[in-house]
Structures are given as C-alpha cells and as structure tokens.
Amino acid sequence: MMWKLIQLSSLLLGALVSPTRTCRIHNSGRSADCVGRQLSAVPRGQLPSTLQDVDLSYNNLQAVHADDLLRLPLLRILQLQFNNISHIHTDAFKHNPLLESLNVFNNSLEEIPAGALTPLSDLKQLLMSNNLYKHATLAESFSKLVKLQVLSMGGPLVMGLKKADFLPLKNIRLQSFAIKCSSNLSYYEPGSLEVIRTRQMGFDMAVDQQPGVLVHMLHDIANNNFSVIQFRNLFEYMYYTGEEDIFQGLKDINALQLIIHRGKFNEHLLRMALMNLQIGLIRRLRVQYIDFARSPTFSDTGASSWITNLTIDKLDLWYISNPDVLRFDWRFTWFNKIKQLSIRYVYFNYVPCDSWVEMEGVELLDISYCRLQSGYIFNQRCENKGTMPNLHTFNASSNELTSLEDLSVLTSDFRQLKVLDVSNNKLGSAEDSRDCVWTNITHLIAHHNQFVSEALLCLPTTVQHLDLSHCDLDQLDTTFFEKATELRELLLSGNKIKFIPSKWTSPHLQFLALDGNSFGLISKASFQGMPELSGLRAGNNPYHCTCELHAFVQETMSQGTVNLTDWPWNYRCYHPEAFLNTVVSQYLPSRVACDMKLVILISVATTAAVILILMLICYVFDLPWYTKATYQIIRAKYRAHKEKAAGAMGTFTYHAFISYSHADADWVRDQLLPCLENSRNPYRLCIHERDFMPGRWIIDNIIENIENSRKSIFVLSRHFVNSDWCNYELYFAQQRAMGKTFSDVILVVKEPIDPSSLPSKYCRLKKMLSTKTYLEWPQQVSQQPFFWEQLRSVLGRPTLPGDGGQSVQSRTPSVSVIRCPEEDSGAKIVKCNQEEVNSMERNNNKLSNPRTQIPIRFYCVPAVSCFDRLNLIFCVLHLILQQQVTVQQQESTRGGRHSGRPAHRTETMSGHLQEAMTSLIGVFHSYSGQEGDKYKLNRRELKCLLKQELSDLLSASKDPMVVERIMSELDENQDGEVDFQEFVVLVAALTVACNDFFIDCEKSGLEGSKKK
C-alpha cells in the first residue's frame, strides 16, 4: 500500500515538475535517447512498442514502476545509470523477458532488486554497483541467471563480505566481476570470493584499517585463471608501513595482467609487490594514478637493488605525479628484464646515464606524453655505445623535442632500433636538422611536427615507412627521396604541398598518401618515377578539373595498377567555379576538349574540308567570275558617283536595255527593234551597237546604260550563253535590280534552252528559267503578233522622258519574268502582284484631269498546266482590251486638242464589245447568286448554266461526265467552285474554238469551189 502511494505521488510530481522535453527515437524505431532530459518519471507515452534499446541515464528518476515498461515487450537494453532510483517494483520487468542488459549504476537502491530480476532469464549484463544497499548478499534467485556474464555490485555502505554472499553464483561462469566496498572495510570472511569464477576481477575497496584482509582475498582467488585483476584505492588514506608482506599471495595468482589503480604507495609497499611479482606468474603490470612517496626510513647503502629479476612482458607506469617512482630504490635494475616499458604522463626532466645501461632487455620503450625536451633525454656526457641492445621500437611522441640531430645521435647507438615514433613534437627546423647520423631505422613516424623542406635531408635514408603527415610542408625536396631507395610507404596527409614535383623518383614506393594538401593539378606524369606504386590516397585537395586530371583518373581506373583508396567522394573540383564542389568522378569532359591530337586532327580536317568546299563552290558557281564582276560594278559605281558629283543627271533615258549575242544581232535589228521603235507608240531602246558611247570602258557603258534603262530585255539563245559580255550584262542587271529593291528583267527565249545544261556561272538564270515565266519567240508566224503584244504589255506604256517626268514611269509589276512554257502552244502569264496592281489603279484615279483617266481593269490569271489555248485566248483578250481602251482615250484626247478627228468607228466597236461583256457578266451572276457564294459557281450552278446557255454543245457530247471534267479543268485553285475569272477562260476558249471551226469551214468551201 505504501509503494502504491509513492508511485501515485511520483507520477503527480512528474506531471507538475518535469519539463516537456521529449526523447529522440531513432534506428527505425528501435532505439530511444532520453539522456539528460531531466525526467522524473519514465515517459511511457513517448516510447513506441518497437523499442529494443532505451537510454534513460542522467535524469531524475525516483523509481521504476510496474507499468513503466509495460508496452516494451521487445526491450533488450535498459540504461538507468546516474539517476536517483531508490526502488524498483517487483513486476517492473515482468513484461520484458528479452532484457539482456540492465544498468542501474550510481543510484539510490537500498536493497538488491532480486524480485524484479527474477523474470529476466536472458540477462547477460547487470551493473548495480555504487548504490546504497548495506549488504552484498545475493538472493537464491540469482542462481537462475545462468546467462549472466558481467556483474558489478556493492557500494559505499557495504562494510564487508561474508562467505555466503556469493553462493548463488557458484555455478555461473562470468566474464567480469567487480565488487565495491566501503573505504573503511570492517570485515572479510575468508572464503567469501572462492565461489566466484570469472576472467576479470575488480576490487574497489580500501584496506587501510584492515590491511591483513588482502592476504585472505588473494588466497581466495588463487585457484582461478584471470586475464585481468584490478585493485582500486587499495590504500586510500595512509601509506602502509607494516612489516607484514600483504602481497605475498601475488606469487600464487595466475593472471595475465595486474592493474593497481589509485591509492597511496611508498617504496616499501611497491617493493613488496614487485618482489612477489618477480617470482610469480603475472606477465603484465600497470601502475597508474598512484600517489608515490619515498619511505622516510629508507637509506641508500650502495648495495644492489632488491629488484633484480622482474621478468615480465610489459610494465606500464602511467599518470604518476612523482617521477621518483622510476628510481624508487635509487636503481634502475628493475627495468633490466622488462620487454615493453611504457612511461606516460610522468614528468621527469633528467635521464641518468645508467638508465640506458640498465634497460638492456627492453624491446619497446614508450616515453610519450612526458613533456620531454631534447636536452632531457640526450646527455652528451653519457657513453651510450652498446646500450639498449634489444631496443626495437622507441616511442617519444607527444613531447617537446626540437632537435633531429640530437635524436639521431642518441639513437645511433641503438643498433637494433627499427621503429622510431617522434610524432607530436616540435621537430623539423632547419637549424636543428643538420649532420644527422642514424642507425638502420625502417619506420619513422613524425606526423604533427613543423618540418621545412630542408629538414627532409636530415631524415634516415633507410626508412621503409615514413609518416610526415600534418607537418606544415609546403614543398618537397626530391633529393631525399632519391636517396631513400627502400621507401615503401609515404604518408604526407594534411600538409600544405602546393604542387607535385615533376621529377619525383621513388623506385620502390608502394603506397602514397597526399590527401588534405593544397595542390590542384595531378596527371599521369606526376608518378612516372614510382613504377611500383599500387596505392594512392589523394582526396580533399582543391582540384582543378582539367583534362589532365580526367585523363589521370581514367587511366588509373582502367589499368587498375594504382588503387585510389579514398575514391570517389573525397575528390571534388575547386576550379573552375562552374564545377565547384563537383565530384571528380562526375566531371566528364568531351574527348574533343581533352585530346589535343584529336583537336589538331579535327582542325586540320575541318580547315581542309572548308578549303575544298570553297574551292568546289568557286568551281561550281564560278566565284572568280562573280568576284571580278562585282569588282567591276563597284568600280563603275564609284566612277558614276564621281560623275554625278560633278553634275551628271541620273534619269531614265531608255525604256529598255537590250542584251543579246552578236549572233542574234540580225533578229534584234530585223524583228525586235522595228516592232518596238517603229510602232505608233514607239519605245526608246538601247543596244550596244548603236548607243554605247565611243571611247568609254565597255563595263562602264554596260552599267551606265542598264542604270539609265527602265527595264532590261535579254534575248536568250545558245549564243547568249556562250558570250561572257552577255553574262556580265545579265549579272549587272540583277545587281542593279536588287540595289533598287525591284527587278525589271525580261527574259525572251529566242530558241529552246534546257536550264540544266547551262554553265555553273548561270546559276541565277537557271533558277529564273526553272521557277519564273519567260517570253518565248514563237516559230509560227500566226503567233508572233501575240508575242509582240505580250512584250509591249510587259514593257508598259512608252512615256518619253521629257513628257512630264524625270524618268520613264513603269506601270507593270516589279518582276515581269514569264514562266517557261511546257508546250509550244504559246506563252503563259504569271499571277500579277496584286499590291502593285492596286497601287497603279490608285495612281490612275489620282490623275487631275478626269477626261484623261484610263479605265484600265487588270485581270490576273494563274498559270494553267492544261488548256494552253485557253490562257492564250485570255491573254489576247486582256491585251486587246487594254490596248483598245488606251487607244480610244488617246484618240479622243488628240481629237479634242488638234484636228477633231472623229472616233466613230472605235466607239461603235467599243459599244458592241461592251454589250457582249455586259451580257457575259450578267449571265454569270444570274446563276452564281442562286446558292452559296454569290460571286462563284458551284457544281450545281455550273451544270445549270451549261444546260441552259450551252444546251446544243452539251447535247452533241456523248460523255456523261463532261460537266465534271469541265469543272475540274476550270477549278484551278481546287476550291470546288468556279469564279468569274475561271468562267471567262471557258467562254474565251469556246469562242476561239468556234472561230477556228468557221475559218476551217470557210477554207474548205473555197478549196472545194476552186476544184470545181
């Protein structure tokens, strides 16, 4: 009932006082860290049921209740040390059968919790010492803990040990057992420790008041084999001055090592222990943290030491404040047969000469952490020759040594010395590193010193293992490495080495550590002088990620001869900035960026290819010719500019410039010039035979006359193609057109030309003949009038330069090039430039005199692959209409101005034709407006029109698909409808066909009448 009240009060107190600091759950929910959370109760709500390891140490727990660990069935480790636990409930671990380790060290338990431990059949480790129970008697239930391996018990209130205290452990084989008793031990019953069977035994008790009990305790444990026996605070308050040999039982102890930890020891007590050890079985002795004092009654009589045959493997003298312990009987003879002597944290400032002589059996000497200076251990007055004959390893690390020279002289007499550890000193200055003489040292450990590069020459050249890590080295003197031919392993980590020497030679080096330095460049050539290198540690350097580094890594990884032990995560880029902190293994430059031979090869190949391509282009497109022509243009324009600056006028002089071959001169003189210059509205033309200015450069004449001509007509033939001057004229005309942002080049094909057969320098002419429309001179005489009408239409109205302007005005499209005909039936006209047509109509409407306005309507017809005659007929109608209206206007104007000549016939003709045109328009729109787009005929409307208006023609046709075929032929843009323009083509074609039919009939009738 009392414990229930305590439990309730503790819970309430914990809820009110305990801060809300939570435990850290980690290891996938298997571990809970609740250390130092100032918990006054187990935080049951924060602990998941999956926990196996719970650490509640360093808190303010008062008790462990029955339901604190109820929800932790998998619990295996529970740490409760350094709390204030005074009670553990009997059922506290009832639900934790898997618990293996329990630590309740340094709490306030007033009794051993035997009842609570009963269910823990798997318990292996139980630490419950330093508590407040007064007796060390174990309950019988401990005999069931058969898996127990580690047990520590006792506390400051345990006044003694009884024979029955440990009887439950007689059948349990422990690995470690520790007992703590009061510093004022009152009693010990002989045989109390006889039942303990363990490998490690620890005593934490003071026998100041009862020193004789030590004899009984040593007797009780004499029958066991121990690995370690430790006595802690054996004499806590006073030095032993009795005459009884309380260590007499040591000679019967079978243990590997004896540790004497803390306590007061004088020469008298230490001598007792050593005298028994030298005839005993213990092989190792460690004396640490003792308070050593000389015996006031001891006097040096000059006799030999009491300790002359201490044959043990290892003696450790650690953390002893009084260095006199080394010579406690004024002799060093107790070191004579010790194999490994370790003296740490014993601050002596002088080494007598006889100490080196007496340590003739020492194989390992460790005098680290003793604040030794070079003058303390090296005495020039001592004769050290032949001393330390068996010394193999000398550890003088973590001192204040400064002189490599003194150290080399001291150890030069240690003939068997192979391993020297002088790390964590102040060695390496240039002043104290001269004239060094070493013995055959094979392992030199000198990390954490302050070496300069010159000091390397003072190191032993016989070394196989050299550790110079963290020695502030900024560069390496390769002279030493050339002499150290036996060097196998070199550690240079953590220095400030800025570059790797290019001629670094070490023929037998197998492992090299260069991590943590300051170099950034490393390449395949860096280690060429190390043929046997198999291991390299070079991470944590500020690497410049270059092609050399990439090549080194690739070769190292591919060949496998050198193993990068810290690859890849310790290798990161430092430069360039774009690759900062990039892992070197992820730096993958392209092969072109890194292979200089490949770069040169590609550069040469590319240059050669470019040159070849340029040469090919020059050959195919006749680039020299174009260059020469361009040069001539520039020169001519420059001369024209100078002339213009001198006052020359820049107006159009000619309507057209005629370019032709000399072989075609007859056709030009007999056909072209008469038709254009001798017509009613003559054109002013320029030909080289007549209009070139004598005495001027031919090039200047060509360029100037092309510039002064509104258009350029090129008479194309085989002779034209073979003429260089014709090619010049064509090129200059094209350049002039591009310079003025329009093209007025007219191509007249006098004889058929295959564009693919033209030379390469006529590339533009090839393109124009293949993609544009041109005029072809018809061989049939009946078609030639239409040719001249086409040409005049393209040339435009022949307005003279003096008649109202500075230049001849063009009213035709900017590109007046006629597409190549696919058959010999006539020429075809391309689709007009609608924007220019609109512009021309606007200009026509802006004439000031309404009577002089010419009612011109432009019809643009797309080229048709079939029905060449239809296009021909339309072009004729278009030109005749345009010409007729123009003539009518001119004659009307002339008649009004001059003789008043009537124009009755023209008006009558125009009246009939106009009526026909009106009827044609009316018929079209009477059918197009029935359905859909009112300006177009669909299939149904077209069929209705043909049946109603051309019923005789359709009835004569036997083809039922005649309407569909007419539709498909007329529908040039394939939109499924026929507009007025396409309709007019049909009417014109039919009209021409009818006219041809009547002519043929008339000719047939005349021929028949003649025969008759």
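Going by the structure above, here's the rest.
Starting afresh in each chain, residues are numbered from 1 along the sequence in its written order. Local features are withheld for residues below a pLDDT of 70 in this predicted model, meaning they are given only at 70 or higher, and side-chain atom pairs are given and counted only at 80 or more; totals for whole chains, interfaces and linings count all residues. Hydrogens are left out, water is left out, and the side-chain values use all remaining heavy atoms of the structure.

Draft legend 1. Spotlight on the overall build of the protein chain. Strands here are runs of E lasting at least two residues and helices are runs of H or I lasting at least four, both read from the DSSP assignment and numbered beginning at the N terminus. Across its full length, the protein chain holds 26 helices and 38 strands. Counting every position in the protein chain, which comprises 1012 residues, the buried fraction comes to 45%. When contacts within the protein chain are restricted to residue pairs at least 6 apart in sequence, long-range pairs at least 24 apart make up 65% of them. Here the protein chain displays about 51300 Å² of accessible surface, and carbon together with sulfur accounts for 53% of that area. Using a 1.4 Å probe on the protein chains alone, a residue whose accessible area is under 20% of its type maximum counts as buried, one over 50% counts as exposed, and one in between counts as partly exposed. Every residue pair with non-hydrogen atoms within 4.5 Å of one another is taken to be in contact. Computed by Shrake-Rupley with a 1.4 Å probe, the accessible areas treat only the displayed protein chains as cover when residues are assessed.

Draft legend 2. Just the nonpolar core, in detail. In terms of nonpolar packing, the biggest core is built from 174 residues, with Phe93, Met153, Phe166 and Leu512 touching the most fellow members. At six residues, helix α4 (residues 267–277) tops the list of elements feeding residues into this core. Throughout, nonpolar core names a set of buried Ala, Val, Leu, Ile, Met, Phe, Trp, Tyr and Cys residues whose side chains join them through atoms within 4.5 Å. In terms of nonpolar packing, the next biggest core, distinct from the first, is built from 27 residues, Tyr654, Cys726, Ile753 and Leu758 among them.

Draft legend 3. The arrangement of the sheet that holds strand β36 (residues 775–776) in detail. Read from one edge of the open sheet, five strands run β33-β32-β34-β35-β36, paired in parallel fashion. The open sheet terminates on both sides in strands that have one partner only, identified here as β33 (685–686) and β36. The sheet contact formed by strand β34 (residues 709–716) and strand β35 (residues 745–749) spans five bridges and is parallel. Across the sheet, Phe714 pairs through a bridge with Leu747, a residue of β35. Two strands pair if DSSP finds at least two bridges between them.

Draft legend 4. Up close: the pairing of strand β9 (residues 150–154). In terms of burial, β9 is largely enclosed, as four of its five residues are buried. Both strand β8 (residues 125–127) and β9 contribute to a ladder of three bridges, which runs parallel. When the bridges of β9 are listed, Leu126 appears paired with Leu151. Taken together, the five bridges between β9 and strand β11 (residues 176–180) define a ladder with parallel strand orientation.

Draft legend 5. Geometry of the side chain of Asn336. Examined against the element boundaries, Asn336 turns out to sit in the loop between β19 (314–318) and β20 (340–344). For the purposes of these results, a polar contact is taken to be a pair of N or O atoms within 3.5 Å, where, inside protein, one atom must be able to donate a hydrogen and its partner to accept one; residues adjacent in sequence count only when each atom of the pair is a side-chain atom. Engagement of the side chain of Asn336 in a polar contact is seen with the backbone oxygen of Glu358, the distance being 3.0 Å. Looking at Asn336, its side chain comes within polar contact range of the side chain of Glu360, at 3.3 Å. In contact with Asn336, other than residues within four places in its own chain, are Glu358, Glu360, Gly361 and Val362.

Draft legend 6. The arrangement of the side chain of Ser493 in detail. As for its placement among the helices and strands, Ser493 is situated in the loop between β26 (489–491) and β27 (511–513). The class for Ser493 is buried, based on a relative accessible area of 6%. Apart from the residues within four sequence positions on either side, Ser493 is in contact with Ser469, His470, Ala513, Asp515, Asn517 and Arg537.

Draft legend 7. Structural detail: α4. Burial of α4 is extensive: ten of the eleven residues sit out of reach of the surface. Those residues of α4 that fall on the buried side of the exposure criterion are Glu267, His268, Leu269, Leu270, Arg271, Met272, Ala273, Leu274, Asn276 and Leu277. At its buried positions, α4 is contacted by β15 (254–261), β16 (264–266), β17 (284–288) and β18 (291–293).

Draft legend 8. Focus on the packing of aromatic side chains. In summary, the pairing rule links any two rings of Phe, Tyr or Trp, Trp by its six-membered ring, whose centres are within 6.5 Å, and it sorts them by plane angle into stacked for under 30 degrees, edge-to-face for over 60 and tilted for everything else. Enumeration according to the criterion identifies 29 aromatic pairs in this entry. Arranged with centres 5.2 Å apart and planes meeting at 55°, the rings of Trp567 and Tyr571 form a pair that is tilted. Exposure remark for Tyr571: the relative accessible area of 4% places this residue in the buried category. Ring centres 6.0 Å apart and planes at 85° place the aromatic pair Phe714 and Phe720 in the edge-to-face group. Given a relative accessible area of 0%, Phe720 falls into the buried group.

Draft legend 9. Focus on the environment of Thr118. Secondary-structure assignment places Thr118 in the loop between α2 (114–117) and β8. Sequence separation of Thr118 and Pro97 is 21 residues, and the distance between their C-alpha atoms is 9.9 Å.

Draft legend 10. View of the state of the cysteines. Working definition: a disulfide is two cysteine sulfur atoms within 2.5 Å of each other. All told, the structure shown has four disulfides when counted by the stated rule. The disulfide partner of Cys353 is Cys382, and the gap between their sulfur atoms is 1.7 Å. Here the disulfide of Cys353 and Cys382 is left-handed, its torsion about the S-S bond being about -75°. Note that Cys353 is positioned in helix α5 (residues 353–358) and Cys382 in the loop between α6 (374–377) and β22 (393–395), a separation of 29 residues in sequence. Exposure remark for Cys353: the relative accessible area of 29% places this residue in the partly exposed category. With a sulfur-sulfur separation of 1.4 Å, Cys436 is cross-linked through a disulfide to Cys458. Of this pair, Cys436 sits in the loop between β23 (419–421) and β24 (443–445) while Cys458 sits in the loop between β24 and β25 (465–467); the two residues are 22 residues apart in sequence, bridging distant segments of the chain.

Draft legend 11. The arrangement of the pattern of salt bridges in detail. In what follows, salt bridge is the name for a side-chain nitrogen of Lys or Arg lying within 4 Å of a carboxyl oxygen of Asp or Glu. Counting across every chain of the model gives 22 salt bridges. Of the charged contacts, one joins Arg294 and Glu267 as a salt bridge, the two residues approaching to 2.5 Å between their closest N and O atoms. Placement of Arg294 in the loop between β18 and β19 and of Glu267 in helix α4 is noted, with a sequence separation of 27 residues between them. For Arg294, a relative accessible area of 24% gives the class partly exposed. Note that Asp515 is salt-bridged to Arg537, the shortest N-O span being 3.1 Å. Placement of Asp515 in the loop between β27 and β28 (535–537) and of Arg537 in strand β28 is noted, with a sequence separation of 22 residues between them. By relative accessible area, Arg537 is classed as partly exposed at 25%. One network of salt bridges, with partners in common, ties together Arg44, Asp67 and Asp68.

Draft legend 12. Representation of a nonpolar patch on the surface in the model. Each patch is built from residues that are more than 30% exposed by relative accessible area and take part in no salt bridge. Like charges join if they lie within 9 Å; nonpolar side chains (Val, Leu, Ile, Met, Phe, Trp, Tyr) join within 5 Å. Together, Val610, Ile613, Leu614, Leu616, Ile617, Tyr619, Val620 and Phe621 make up a nonpolar patch on the protein surface, roughly 760 Å² of accessible area in all. Summarising the element assignment, Leu616 is placed in helix α11 (residues 596–620). Since its relative accessible area comes to 52%, Leu616 is described here as exposed.

Draft legend 13. Local environment of the pairing of β20. Judged from the five bridges that link them, β19 and β20 form a sheet pairing that is parallel. Residue pairing across strands places Leu317 opposite Ile343, the latter belonging to β20. Sheet topology places β20 next to strand β21 (residues 364–366); three bridges connect them, and they run parallel. Residue pairing in the sheet places Leu341 in a bridge with Leu365 of β21. We call a crossover right-handed when, viewed with the strands running away from us, the connection from the first strand over the helix to the second turns clockwise. Remark: the β20/α5/β21 crossover connection has right-handed handedness.

Draft legend 14. Main features of helix α13 (residues 665–677). With 13 residues, α13 extends just 16 Å between its outermost C-alpha atoms, more than 12% less than the 18 Å of an ideal straight helix rising 1.5 Å per residue. Within the sequence span of α13, burial applies to Ala665, Trp667, Val668, Leu672, Leu673 and Leu676. Buried residues along α13 sit against β32 (654–659), β33, α14 (688–691), β34, β35 and α19 (784–795). Here a helix's expected span is defined as the number of its residues, less one, multiplied by 1.5 Å.

Draft legend 15. Fine view of the environment of Lys426. If you trace the backbone, Lys426 turns up in the loop between β23 and β24. For Lys426 and Asn399, which are 27 residues apart along the polypeptide, the C-alpha to C-alpha distance reads 8.1 Å. Those residues within four positions of Lys426 in sequence are excluded, and the remaining contacts are Leu401, Thr402 and Asn449.

Draft legend 16. A look at unusual backbone geometry. Note that the residue after Trp567, namely Pro568, is joined by a cis bond; omega there is 5°. In this structure, Pro576 follows His575 across a cis peptide bond, with omega equal to -10°. Its location among the elements puts Pro576 in the loop between β31 (573–575) and α10 (591–594). At Asn233, a position not held by glycine, the phi torsion is positive, near 55°. Of note, Asn233 is situated in the loop between β14 (225–232) and β15.

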